[in-house]
Amino acid sequence: MSVNPELVGRVFPPTASYLVGREKVREFARAVFADAPQHLDPAAAQALGYRDVVAPPTFAMVVQDLTMQQLLAVEDSGIALERTVHAEQRFHYSRPIVAGDELTAQLSITGIRPFGAGAMVTSEAEITDADGAHVVTATSVLLIGGEVS
Amino acid sequence: MTSATLEVGTVVAERTVHLTRESLVRYAGASGDFNPIHYRDDVAERVGLPGVLAHGMLTMGLAVETIVEWLGDAGRIVDYGVRFTRPVVVDAEDGADLFVSAKVGALDDEAARIDLTVTFGDTTVLGKAQVRVRHQS
């Protein structure tokens, strides 16, 4: 099955809210070799004007991933994880993610174009906080390989 | 360093990060990306990869962190995008060394564009890795 072209323009329901925990931010920071004190030490983050530790920039992926699960769960999508390669990623921020944030993400499929035997799928996850204010938009381009027959 | 002293071409930060299989497992747990090509040789081989690969998002994440100390505040980052162009094969015994260099690529009134170059051996593994950072207020 190839990628279903009717996915273009599809807007998914918002994800359940994700509460950003201080220890999760620290765990993620260690995993990406982020040793700046603002990621680890609440006092250092507060000295910069934040309520709590500041997540590294690519932490938004943890929330975006919830939307990817929605996409992979679509039965007739034609998208299978083992044939998927992450080709491009972009984050556009209104503000950094901070521990204590309650975030939701809403996925839109903004483009599908043929690429070899497969397709390039562009999606945007708009991540907002508990007040509905924009935090970050995460844009992914996935290369979905054609099925090997 | 203040924005007033920035010039296009200036290298603002560099570092080498040594990745091991443990780094990949740690990132898998922290990010929730448990694709087995990032920790199982047998699966990597079966799908035709040259070996167990680092997560692209791990490379993207560690690359941008190279400039955070120089920035003083990661909150100055307004946009960050990359293309994943080459895989990083992480050997079970020797691991993999990634070298990150961050250079001023462009300047305007509001922000600087910092271009990140990430190399693994002789190859560049990210394309168009660009970070837009607000000038210090």
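Nothing here was measured: the structure is a model prediction, and the numbers come from that model. (Residues numbered from 1 in each chain as written. Chains lettered and ligands numbered in written order. Predicted model: local features only at pLDDT ≥ 70, side-chain atom pairs only at ≥ 80, totals over all residues.)

Engineer: How should I be thinking about the environment of A:Gln69 in this particular structure?
Structural biologist: Residues and elements named next belong to chain A. Position of Gln-69 relative to the elements: it lies in helix H4 (residues 60–72). For Gln-69, a count of 11 C-beta atoms within 10 Å corresponds to the exposed category. Placed 39 residues apart in sequence, Gln-69 and Arg-30 show a C-alpha to C-alpha distance of 25 Å. (Helix = DSSP H or I, 4+ residues; strand = E, 2+ residues; numbered from the N terminus. Buried ≥ 20, exposed ≤ 12 C-beta atoms within 10 Å, placed from the backbone.)

Engineer: Please explain the UniProt feature "domain: MaoC-like" (unreviewed entry) in chain B as it appears in this structure.
Structural biologist: The residues that UniProt annotates with the feature "domain: MaoC-like" (unreviewed entry) are residues 11–93 of chain B. Helix makes up 37% of residues 11–93 of chain B and strand 20%, with an end-to-end C-alpha separation of 32 Å. (UniProt positions renumbered as here; feature names shortened; annotations may be inferred.)

Engineer: In this structure, what is going on with the UniProt feature "domain: FAS1-like dehydratase" (unreviewed entry) in chain A? I would like to understand it.
Structural biologist: When the UniProt feature table is mapped to this numbering, "domain: FAS1-like dehydratase" (unreviewed entry) covers residues 7–137 of chain A. Its end C-alpha atoms 19 Å apart, residues 7–137 of chain A is made of 25% helix and 31% strand.

Engineer: Can you walk me through unusual backbone geometry in this structure?
Structural biologist: Residues other than glycine predominantly adopt negative phi, and peptide bonds predominantly adopt the trans conformation. A positive phi angle, close to 55°, is found at A:Phe33, a residue other than glycine. In this fold, A:Phe33 is placed in the loop between helix H1 (22–31) and helix H2 (37–40). Of note, B:Lys128 is a non-glycine position whose phi angle comes to about 45°, a positive value. Turning to its location among the elements, B:Lys128 is positioned in strand E6 (residues 126–134).

Engineer: Honestly, the interface of chain B and chain A in this entry has me stumped. Any pointers?
Structural biologist: One frequently used descriptor of interface size is the decrease in accessible area upon assembly of the parts. Each partner contributes residues to the interface: chain B has 28 residues there, and chain A has 27 residues. Sheet topology places strand E2 (residues 84–93) of chain A next to strand E2 (residues 77–84) of chain B; 5 bridges connect them, and they run antiparallel. From the neighbouring strand, A:Glu88 faces E2(B), where its bridge partner is B:Arg83. (Contact = placed C-beta atoms within 7 Å. Pairing = 2+ DSSP bridges.)

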